[in-house]
Amino acid sequence: MGQLEALIFDVDGTLANTEKDAHRVAFNRAFADVGLTWDWSVDLYGQLLKVTGGKERIRFYIESWQPQMPSVGDLTAFDLTAFIKDLHARKTQHYCDLLANEVLPLRPGVRRLIQEARDQGIRLAIATTTTPANVTALLTHSLAPDAMDWFEVIAAGDMVPQKKPAPDIFFYALEKMNLRADQCVAFEDSGNGWLSSRDAGLTTVVTVNNYTANQDFTGADLVLSDLGEPDQPFTVLAGEVGTWPYFDVTLAAELLKRKSKS
C-alpha cells in the first residue's frame, strides 16, 4: 500500500475558474489584435473546451466552425500553423496581463489544502495542458508571489507528446518526482482530466464547475462541488467521504487506503 506523498493539481477550472472570465476573454482580445471578428461566447467556449490545449482549440474552431479567415494575398503561402502559434502567443500575453491586473480568486478549499499539505510535508505538483506562463501568472497573482517554489514539479503545456486525455502529463510528473501513482492523489475538474489521471493509475478527486458539471466521471474516486471549507462544506456528487465536511490531507490519505483495499 502506498503512503500519501504528494498532491498533483490540474490548474484551469481546478485551482480557479479561469476558463470563462480569463482564458476566453484573452482569446477574444487576441482575435481583435489581428483584426478577426471571431467572438467566443460563454456557450461556444464550453463546446470548445472538449479540446485540450489552446493551439489545438483554435485549430478545432477553424476546422469545425470555418470562421472568416484573415485576408492574405497568396492562400497557398498561408501558414496555418504559424498563424495559430502567433494567435496563441498573443492570447497568452493577454491572459498574463489580465491576471496581473485583476486577481482571480481560487476555488473554495484550494489555498487551505495546499497550505495544509505544505505544513505536513506533503509534496506538491502541477499537471496541466496550459502553458507554463499561464501557470506562473495564476499561482503568483492568485496564490502567493513565491507560490511557484511551493510546487516541486510544474508539468505543463507541450512538455509531453500528447495532452489530456492522454496520461502523458501525469506520467511526466510522477517520473520527475520519482513517485508511484499509489503514493499520490490527483485533482481534476473535467472529463478529459479525469481520463488522463485515471489512465495514469492515480486516485482522483474531481471538483466540477459550470462547464464540467454534466460530464461523465464514472469511476472517479470522489466527485465534489469543490474542496469545501470548515464553514462552507462541499457537496458530494459521487463517492464516499464519511463525516468529512471538507477535503483535507487526512481524507486524501484515506482515499489511498481505500483504493489499496479494493
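What counts, and where the lines are drawn
Residues numbered from 1 in each chain as written. Predicted model: local features only at pLDDT ≥ 70, side-chain atom pairs only at ≥ 80, totals over all residues. Heavy atoms only, no water. Helix = DSSP H or I, 4+ residues; strand = E, 2+ residues; numbered from the N terminus. Rg over C-alpha atoms; globule rule 2.2 N^0.38 Å. Buried < 20%, exposed > 50% of the residue type's maximum accessible area, 1.4 Å probe, protein only. Contact = heavy atoms within 4.5 Å. Areas by Shrake-Rupley, 256 points an atom, 1.4 Å probe, with all protein chains shown as cover. Lys, Arg positive; Asp, Glu negative; His and termini not counted. Charge placed at Lys NZ, Arg CZ, Asp CG, Glu CD. Salt bridge = Lys/Arg side-chain N within 4 Å of Asp/Glu carboxyl O. Polar contact = N/O pair within 3.5 Å; in protein donor to acceptor, adjacent residues only side chain to side chain. Phe/Tyr/Trp six-rings, centres within 6.5 Å; stacked < 30°, edge-to-face > 60°. Lys NZ or Arg CZ within 6 Å of the ring centre and 35° of its normal.

Participant: Is there a simple way to explain the overall build of the protein in this structure?
Facilitator: A count of helical and extended segments in the protein gives 9 helices and 7 strands. A compact globule built from 262 residues should have a C-alpha radius of gyration of about 18 Å, and the protein, at 19 Å, falls within 12% of that. The principal-axis extents of the C-alpha atoms in the protein amount to approximately 65 × 35 × 35 Å. Taking all 262 residues of the protein together, 53% fall into the buried category. Within the protein, residue pairs in contact and separated by at least 24 positions form 63% of the contacts whose partners lie at least 6 positions apart. Approximately 12000 Å² of the protein is accessible, and the part contributed by carbon and sulfur atoms is 48%. For the protein, the centre of its 24 positive side-chain charges and the centre of its 35 negative side-chain charges are spaced 2 Å apart.

Participant: I tried to follow the side chain of Asp226 on my own but got confused; where do I start?
Facilitator: As for its placement among the helices and strands, Asp226 is situated in the loop between strand E6 (222-224) and strand E7 (236-238). Buried within the structure, Asp226 lacks any salt-bridge partner; Arg107 is the closest side chain of opposite charge, at an N-O distance of 5.3 Å. A distance of 3.5 Å separates polar atoms of two side chains, one belonging to Asp226 and the other to Ser225. Engagement of the side chain of Asp226 in a polar contact is seen with the backbone nitrogen of Gly228, the distance being 2.8 Å. If sequence neighbours within four positions are ignored, Asp226 has contacts with Arg107, Pro108, Thr207, Gln232 and Phe234.

Participant: Which parts of the structure should I look at to understand the packing of aromatic side chains?
Facilitator: Centre-to-centre distance and the angle between the planes together describe a pair of aromatic rings. Summed over the entire model, instances satisfying the criterion amount to 14 aromatic pairs. Centre to centre, the rings of Trp38 and Phe83 are 6.4 Å apart; their planes meet at 85°, and the pair counts as edge-to-face. Of this pair, Trp38 sits in the loop between helix H1 (18-33) and helix H2 (42-48) while Phe83 sits in helix H4 (residues 80-101), and the two are 45 residues apart along the sequence. As far as burial versus exposure is concerned, Trp38 and Phe83 are alike and both buried. Within the aromatic cluster, the residues linked to one another by ring pairs are Phe27, Phe31, Trp38, Trp40, Tyr45, Phe60, Tyr61, Trp65, Phe83 and Tyr211. Positioned above the aromatic ring of Tyr95, the side-chain terminus of Lys91 is 5.2 Å from the ring centre.

Participant: How should the environment of Gly219 be read in this particular structure?
Facilitator: Among the secondary structure elements, Gly219 is positioned in the loop between strand E5 (203-207) and E6. Remark: the alpha-carbon pair of Gly219 and Glu56, spanning 163 residues in sequence, is separated by 27 Å.

Participant: Before we go on, may I ask you to explain the environment of Lys20 in this structure?
Facilitator: Topologically, Lys20 is positioned in helix H1. Classification of Lys20 by relative accessible area gives partly exposed; the value is 34%. In this structure, Lys20 is in contact with Val25, Val42 and Tyr211, ignoring residues within four places of it in sequence. Separated by 2.9 Å, the side chains of Lys20 and Asp21 make a polar contact.

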